[in-house]
Amino acid sequence: MPGMWQPGEYEEVAGRAVEALGRYVERTQRGDGPALSRPPLPGVQRDLDLHRLIREGGIDLDAFLAGYLERSNRKHHPGALAHQVAVPDVPSAIADLVHGATNNPGSMYEMGAAAATVEVTVVEWMLEKVGFEPTPGAGILTHGGTLANLTAMLAARARAAPEAWTDGVGGDLAVLAPPSAHYSIARNTAMLGLGEGAIVPLEVDELERIRPDRLGGALERAGRAGRRPMMLVAASCATTTGLHDDLVAIGDFCREHGVWFHADAAHGASALLSPRHRHLLDGIEQADSVIWDAHKMLRTSSLCAAVLMRDEAALTGAFHQEASYLFYGEDHPDAFDVMPRQVECTKAQLGLKLFLSLAWRGEQGLGEYVADRYDATLRFWELIRGREGFECPYRPESNILCFRYGTDSDAQIEIRERLMEEGRFHLSSAELSGERYLRMAVMAPSSGEGTVLEMLDAIERVAVAAR
């Protein structure tokens, strides 16, 4: 019958695909080939024969995969240093395989008991690690940190303006956040109908960390503008620098003044698994809400993010929605639906990715990976600052580091562009206190000291060629 799963077809085709992907990762970890591929879009469409295949079908999967992987960025490559995207481990890849075949949405218990139960259990573990009691604390997994931040902001809005869900928002709410906050804070503030003008910038130091001693001034500025604080956002760690705000001092301030304290720990919360680095998150247990992305430092493929709250009622109160085909009757006493607590309706089996990573490697194994990448970045900092012509503006606290060759901001952009054209090294770039730097996120286990020495040589070479 049309559409039926053909016996043996999946095993045969999936087996060939797994073999191709295994060879791809093996070559990538050795550093064979470029770290990134950036051909023109029309050429990719032509080379992969996308338009014809969409209309006619009849794909040669082996040939397509070969062409597709050739034009993909290689996260396992030692020179892949640009972005905070996980280098997936085997168990996460297996979870994607399971989801692709079973497709049990993780939002309603009756749509997938195992998926729902795994998510609840993983969230309970994350609450414990952050320092929230599973009861009365609560959390959910989302498709990314932007949705996790949005969920936290909805909960904070519900507490500050309970009538907002039905009556809309007025013009009196404020979001206190540093200029370096993740872009999703400003985007979500606008989407919530508050307008970007609702953001009251917090004063920061020369490395863009929040100054706790100036928080009172932010409250005064909000008051003079006729606004009351909906929430205060701190970073652990900051996307640009990988540095951590003082969560203890900020938490004390928020508790004293009754301000919702939100810790954006999308990247840095994974350091809670490393005994030598968990002190960087001291004070996170004071937060009202926390986000933590497993698809950054917990080796899980995109996407798997968590929003965690100290008070279950705050998460439940974030949404007030009716849908007769989804929400009806009483919950089964032995089941639990997360849909009433989340933005998404249909949701992938996100918990399975993180669960298998933990069940495979254990807390200790994942913590050792985090510590190894943090330690490697510290060694890279020593190598870079010891090289003539290079400078680093700070000692790294995580696996994110800004640095530059020379002092010309425009030159950093040109260096990055030329490196990307060559493809061997993929770096990002960021501004810090108005100055442009190159930026690395050390994610791949294969990135070592030899990688950095080769990269510094390449930077010197392309910088000379650009003059």
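For the structure given in this document, a descriptive report is provided here. (Residues numbered from 1 in each chain as written. Predicted model: local features only at pLDDT ≥ 70, side-chain atom pairs only at ≥ 80, totals over all residues. Heavy atoms only, no water.)

### Describing the packing of aromatic side chains
This model, assessed by the stated rule, comprises five aromatic pairs. Judged by centre distance (4.9 Å) and plane angle (50°), the ring pair of Trp5 and Tyr10 falls under tilted. The exposure class of Trp5 is exposed, given its relative accessible area of 53%. Taking 5.7 Å as the distance between ring centres and 35° as the angle between the ring planes, the aromatic pair formed by Trp125 and Trp292 counts as tilted. Pair noted here: Trp125 is in helix 6 (residues 113-130) and Trp292 is in strand 6 (residues 289-293), with a separation of 167 residues, a long-range link. The exposure classification of Trp125 matches that of Trp292, with both residues buried. Sitting above the plane of the Tyr369 ring, Arg299 keeps its charged end 4.9 Å from the centroid. The ring of Trp381 carries Arg385 above its face, with NZ or CZ at 4.1 Å from the centroid. (Phe/Tyr/Trp six-rings, centres within 6.5 Å; stacked < 30°, edge-to-face > 60°. Buried < 20%, exposed > 50% of the residue type's maximum accessible area, 1.4 Å probe, protein only. Helix = DSSP H or I, 4+ residues; strand = E, 2+ residues; numbered from the N terminus. Lys NZ or Arg CZ within 6 Å of the ring centre and 35° of its normal.)

### Quick word on the side chain of Gln286
Within the secondary structure, Gln286 is located in the loop between strand 5 (261-264) and strand 6. With a relative accessible area of 16%, Gln286 lands in the buried category. Sequence-distant contacts of Gln286, that is, excluding residues within four places in its chain, are made with Leu247, Val248, Gly251, Asp252, Arg255, Phe261 and Arg310. (Contact = heavy atoms within 4.5 Å.)

### With respect to the sheet that holds strand 8 (residues 390-391)
Spatially, the four strands line up as an open sheet ordered 8-9-11-10, and their pairing is antiparallel. Looking at which strands have only one partner, the edges of the open sheet turn out to be strand 8 and strand 10 (428-432). Where strand 10 and strand 11 (residues 435-441) come together, five bridges link them in antiparallel fashion. Following the sheet pairing, Ser428 is matched in strand 11 by Arg439. Sitting on the sheet, helix 15 (residues 409-422) touches strand 9 (400-405), strand 10 and strand 11, and the angle it makes with strand 11 is about 35°. Contacting strand 8, strand 9 and strand 11, helix 16 (residues 449-466) runs over the sheet at an angle of about 35° to strand 9. (Pairing = 2+ DSSP bridges. Axes fitted to C-alpha atoms, helices over the stretch in contact; angles between N-to-C directions.)

### Focus: the side chain of Ser289
You can see Ser289 is positioned in strand 6. A distance of 2.7 Å separates a polar atom in the side chain of Ser289 from a polar atom in the side chain of His262. In this structure Ser289 touches Ala152, Trp260, Phe261, His262, Ala263, Leu308 and Met309, once residues within four positions along its chain are discounted. (Polar contact = N/O pair within 3.5 Å; in protein donor to acceptor, adjacent residues only side chain to side chain.)

### Examining the state of the cysteines
Here a disulfide denotes a covalent bond joining the sulfur atom of one cysteine to the sulfur atom of another. Counting across every chain of the model gives zero disulfides. With no disulfide partner, Cys237 has as its closest neighbouring cysteine sulfur the one in Cys402, 11 Å distant. (Disulfide = S-S within 2.5 Å.)

### Side note on the environment of Gly351
As for its position among the elements, Gly351 is in helix 14 (residues 350-385). You can call Gly351 buried: its relative accessible area is 2%. Spatially, the C-alpha atom of Gly351 lies 14 Å from that of Phe336, the residues being 15 residues apart in sequence.

### Quick look at the nonpolar core
Formed by 57 residues in total, the largest nonpolar core has its most connected members in Met126, Trp292, Leu308 and Leu354. Tallying contributions element by element places helix 14 first for this core, with seven residues. Ignoring anything within four residues of it in the chain, the contact list for Met126 reads Leu141, Trp292, Ala306, Leu308 and Leu354. Ala152, Val175, Leu192 and Ala318 belong to the second-largest nonpolar core, a separate cluster that totals 32 residues. (Core = buried A, V, L, I, M, F, W, Y, C linked by side-chain atoms within 4.5 Å.)

### Some thoughts on the sheet that holds strand 3 (residues 199-201)
Spatial ordering of the open sheet is given by 1-7-6-5-4-2-3, a layout of seven strands whose pairing is mixed. Every interior strand has two partners, whereas the edge strands, strand 1 (138-142) and strand 3, have only one. Across the sheet, the mean angle from the axis of one strand to that of its neighbour is 20°, orientation sign disregarded. Both strand 2 (residues 173-177) and strand 3 contribute to a ladder of three bridges, which runs parallel. From the neighbouring strand, Ala177 faces strand 3, where its bridge partner is Pro201. Across the face of the sheet, helix 10 (residues 215-224) comes into contact with strand 2, strand 3 and strand 4 (228-235) while running at roughly 140° to strand 3.

### As for the pairing of strand 7 (residues 305-309)
Extensive coverage of strand 7 is indicated by the burial of five of its five residues. Covered by surrounding structure in strand 7 are Ala305, Val307 and Met309 together with Ala306 and Leu308, the residues of both alternating faces. The sheet contact formed by strand 6 and strand 7 spans five bridges and is antiparallel. When the bridges of strand 7 are listed, Val290 appears paired with Leu308.

### Points about the pattern of salt bridges
A complete count under the given rule lists 33 salt bridges for this structure. The partner of Arg16 in a salt bridge is Glu12, and the shortest N-O contact between them spans 2.3 Å. You can see Arg16 and its partner Glu12 sitting in helix 1 (residues 9-30), four residues apart, about one turn around the helix. We classify Arg16 as partly exposed; its relative accessible area is 29%. Overall, the relative accessible area of 43% leaves Glu12 in the partly exposed class. Connected through shared salt-bridge partners, Glu203, Arg211, Asp213, Arg214 and Arg221 make up one network. (Salt bridge = Lys/Arg side-chain N within 4 Å of Asp/Glu carboxyl O.)

Purely geometric stuff here, so don't read any function into it on its own.
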